[in-house]
Every structure is written in structure tokens, then in C-alpha cells.
Amino acid sequence: MRSNNPVFSRSPEFNGQTNAYGNQTYPGAGAAYPGYGQQGYTDPATWGTGQSTAGGPAAPVATGPMTIDSVVQKTGIALAVVVVVAAATWIFIGDISTSAAAEDNAGKLYAALMLGSFGAFGLSLVNSFKRVISPALVLAFCVAEGLALGALSKFFDTMVPQEGIVVQAVLGTFAAFAGTLAAYKFFDIQVTNKFRTFVIGAMFGMVALGLLEMVLGMFNADIGLFGMGGMGLLFAVGGLVLGVFMLILDFDFVEQGVAAGIPERESWRAAFALTVSLVWIYTNLLRILAILNSD
């Protein structure tokens, strides 16, 4: 079960060190130790407690396998943090359209957007390439992402005359999630290595184009990828389709991980990946709605 996805490729469990029967193997000797659902120790008295004994090394603490429930729980926590921080940011920014303090509030919006965006981008790289997943860093990413999304949502809500655009984007995001999950299960979608390579390559390509657009924008030479015209709409639609493909990869990795009985801590890695995909879909859907409803 080797992965091209940077979120999963740093994990031994997701990187080919689990064989077809759910047993992990050591890279050197190649010997397997019992995986989920197989007899490990024959005598409970020999089980370790995780504490050092007689000056020797600490015995490992056994953890359960990752399950669908554990992934759902961790993903729910991650999304709840994003939503709560985004709502708090929205309220903190205040009115930026008619208020007498609109200029100050606009400064708050810009600061929150920049701080959240760069913070989320940096933490996403750390979490993607970290070998051992850290729940604290995943939640820190969610805080930064919520800060950026709260500011971005406030901006589009103020800029677009159509009311309820943010609510529409939220509902559309969950509809995309449910529809993709249903299609993945009912149509028994098989994820191939070529598909994985294409999706990950396209994702990095879009990120690179976005960064290039930001740099060009500093010199008033942007090509309109983030604009409200046809090029911006095309870029946002492409991002939305790519977000759906990213969800398919996430579902596939979760399904394989549960079947292989990998450690429960990897639920946080799956939750991080799903959160990234949902945020990706939301931002592109919000831009599409803003472009279609703009004057």
C-alpha cells in the first residue's frame, strides 16, 4: 500500500511497510509482527505497561487500530475547530461595508487573512511531511485555517450583493462530500497509481500557480487566476474538480488503512487530509458563487 500522497507517504503504515494481511514488517529483517485481529502475546502477564523497569527501556504501550469511527471523531474535532475559529474571526472583524470603523475592520480582515493563510500553508507542509503525526500540529493547522476562512468568507460576503453566499458554499461543500462518498462506495471506484500521481501532481501545480499569481500581483502583472472574470472562474472550477478527486484519494487511504489495521493515531493523519480537501472545495466553491453572482 505505497502512497504518492505527501500526507500519507511519511507514515510507515501508509508507505508500503504493511503487507497484504495487515502485518507490519521491519525494513531490515522483513519479519512480520502480529497485526490487528491476530494473537500477539499468549500470556497477559507478559504485557508491558509503558513504564521503564530496572533501568531498561520503556515497554511500548499497545494501541488499538484505526477505525472508521476514530476517523470520523478526529475529523469532526478538526472541522469543529475550523468552524469555531472562523466564526470568531467573522465576529471579531466586524462590519467592513457601512460601519464608521470600516477602514480599521478592513485592516483586521487583511491581517487575519494573511496570518491565517501563511500559517495554514506552513503547518500543512509540516503535517504533510511529518513522519509521526502530531494531533497538536493538526489542531494548530485547523486554527490557522479557521482564521483564514473567517476572513475570506467575510470578504466575499461583503463584496457580493447576493445574500447567503457563504451558507450556500458551506452546504455545497457538504453536498460534494456526501455525493463523492456515495459515488465512491456505490460505484466501487478503484484508485490506481496513475490516478494518485495525477491528482497529487495537479494539486502541487495549482498551488504553484497560485503562488506565482500572488508574486505577479505584487508587480501588477497578474493573469487573473484569482480575479472575477473568465480566467478566475475556470481556475476555481478546476480547483473544485480537483478537490473532489482529493476526497476520493482520502476515502481510499482510509479504507485501506482500516483494512490493514494500522495504529489509531493515524486517524489524525486521515482527519488532516480530509480537512484539507474540504477546505479546498469550500474556497473554490465560494469563489465560483462569488463570480457568478457578481455585478
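Residues numbered from 1 in each chain as written. Predicted model: local features only at pLDDT ≥ 70, side-chain atom pairs only at ≥ 80, totals over all residues. Heavy atoms only, no water.

Mind showing me how you'd approach the overall build of the protein here?
A tally of helices and strands in the protein yields eight helices and two strands. Out of the 295 residues in the protein, the part that is buried amounts to 40%. Considering only residue pairs separated by 6 or more positions, the protein has 73% of its internal contacts joining residues 24 or more positions apart. In the form shown here, the protein has an accessible surface area of approximately 15,500 Å², with 67% of it arising from carbon and sulfur atoms. (Helix = DSSP H or I, 4+ residues; strand = E, 2+ residues; numbered from the N terminus. Buried < 20%, exposed > 50% of the residue type's maximum accessible area, 1.4 Å probe, protein only. Contact = heavy atoms within 4.5 Å. Areas by Shrake-Rupley, 256 points an atom, 1.4 Å probe, with all protein chains shown as cover.)

How do you make sense of the layout of surface pockets when you look at a structure like this?
Unoccupied space between atoms shows up once a probe the size of one water molecule is rolled over them. In this structure, the largest pocket encloses a volume near 1,700 Å³. What lines the largest pocket is a set of 50 residues, among which Ser117, Gly210, Met214, Phe226 and Thr283 lie closest to the centre. Listing elements by their share of the lining of the largest pocket, those giving two or more residues are helix 1 (6-9), helix 3 (102-129), helix 4 (135-159), helix 6 (193-218), helix 7 (230-260) and helix 8 (266-293). By residue number, the principal contributor to the lining of the largest pocket is helix 3, which donates twelve residues. Split by residue class, the lining of the largest pocket holds 37 nonpolar, ten polar and three charged. (1 Å grid on protein atoms, 1.4 Å probe; cavity = no way out; pocket = protein on both sides within 12 Å on 5 of 7 lines; lining within 4 Å. Points joined across faces, edges and corners; volume = space filled by probe spheres on them. Nonpolar A, V, L, I, M, F, W, Y, C, P; charged D, E, K, R; others polar.)

Would you mind showing me how to read the confidence of the model for the protein here?
Detail in the predicted coordinates should be disregarded across regions flagged by low pLDDT. With 77% of its residues at a pLDDT of 70 or more, the protein has an overall mean of 80. The weakest mean pLDDT in the protein belongs to strand 2 (residues 32-33) at 35; the strongest belongs to helix 2 (residues 68-93) at 95. Low pLDDT, under 50, characterises residues 1-6; the predicted model gives this stretch 27 contacts beyond four residues in sequence or across chains. Within the model, the stretch residues 16-62 combines pLDDT values under 50 with 52 contacts to residues more than four positions away or in other chains. (pLDDT = per-residue confidence, 0-100.)

Help me understand unusual backbone geometry in this model?
Working note: non-glycine residues mostly have negative phi, and peptide bonds are mostly trans. A positive phi angle is found at Asp188, which is not glycine, with a value near 50°. Along the polypeptide, Asp188 turns up in the loop between helix 5 (165-186) and helix 6.

When you look at the side chain of Asp252 in this model, what are you seeing that I'm missing?
Mapped onto the elements of the fold, Asp252 is located in helix 7. Those residues in contact with Asp252 that lie beyond four places of it in its chain are Tyr184, Val191 and Arg196.

So what exactly am I meant to see when it comes to the packing of helix 2 against helix 3 here?
The description of two packed helices rests on the angle between their axes and on the distance between the axes. Put simply, helix 2 and helix 3 touch, their axes get as near as 9 Å, and they point 150° apart. It follows from the interaxial angle that helix 2 and helix 3 lie roughly antiparallel. Judged by residue contacts, Thr89, Phe92 and Ile93 of helix 2 engage Asn105, Lys108, Leu109 and Ala112 from helix 3. Counted by class, the contact of helix 2 with helix 3 contains four nonpolar, two polar and one charged residues. (Axes fitted to C-alpha atoms, helices over the stretch in contact; angles between N-to-C directions. Parallel < 35°, antiparallel > 145°, perpendicular 65-115°, else oblique.)

Can you walk me through the environment of Trp268 in this structure?
Checked against the element boundaries, Trp268 lands in helix 8. Using a relative accessible area of 11% as the deciding quantity, one classes Trp268 as buried. The contact partners of Trp268, leaving out residues within four places of it in the chain, are Lys74, Ile77, Ile133, Pro135, Val138 and Leu139.

How do you make sense of the nonpolar core when you look at a structure like this?
Most often, soluble globular proteins have nonpolar side chains that are buried together. If you look at the biggest cluster of nonpolar residues, it comprises 59 residues, and the most contacted ones within it are Ile165, Leu242 and Leu286. The set of elements that each furnish at least two residues to this core consists of helix 2, helix 3, helix 4, helix 5, helix 6, helix 7 and helix 8. (Core = buried A, V, L, I, M, F, W, Y, C linked by side-chain atoms within 4.5 Å.)

Would you mind going over the pattern of salt bridges with me for this structure?
A side chain with one charge may pair with a side chain of the opposite charge, provided their charged atoms come close. Counted under the stated rule, the structure contains five salt bridges. As a salt-bridge pair, Lys74 and Glu264 come within 2.7 Å of each other at their nearest N and O atoms. Here Lys74, found in helix 2, pairs with Glu264, found in the loop between helix 7 and helix 8; they are 190 residues apart in sequence, far enough to count as distant. Among the residues examined, Lys74 registers a relative accessible area of 11% and is labelled buried. Notably, a salt bridge pairs Glu266 with Arg265, separated by 3.8 Å at the nearest N-O pair. Assessed through its relative accessible area of 1%, Glu266 is described here as buried. Accessibility expressed as a relative area gives 36% for Arg265, which makes it partly exposed. Salt bridges sharing partners connect three or more residues here, namely Arg265, Glu266 and Arg269. (Salt bridge = Lys/Arg side-chain N within 4 Å of Asp/Glu carboxyl O.)

Sorry if this is basic, but what is going on with the packing of aromatic side chains here?
What characterises a pair of aromatic rings is the spacing of the ring centres plus the angle enclosed by the ring planes. For the coordinates displayed, the defined rule picks out seven aromatic pairs. Here Phe177 and Phe251 contribute two aromatic rings whose centre-to-centre distance is 5.5 Å and whose plane-to-plane angle is 75°, an arrangement assigned as edge-to-face. Separated by 74 residues along the polypeptide, Phe177 in helix 5 and Phe251 in helix 7 bring together distant segments of the chain. In this structure Phe251 comes out as buried when scored by relative accessible area, which is 9%. Counting every residue linked through ring pairs, the aromatic cluster contains Phe177, Tyr184 and Phe251. Over the ring of Phe92 we find Lys108, and its NZ or CZ is 4.8 Å from the ring centre. (Phe/Tyr/Trp six-rings, centres within 6.5 Å; stacked < 30°, edge-to-face > 60°. Lys NZ or Arg CZ within 6 Å of the ring centre and 35° of its normal.)

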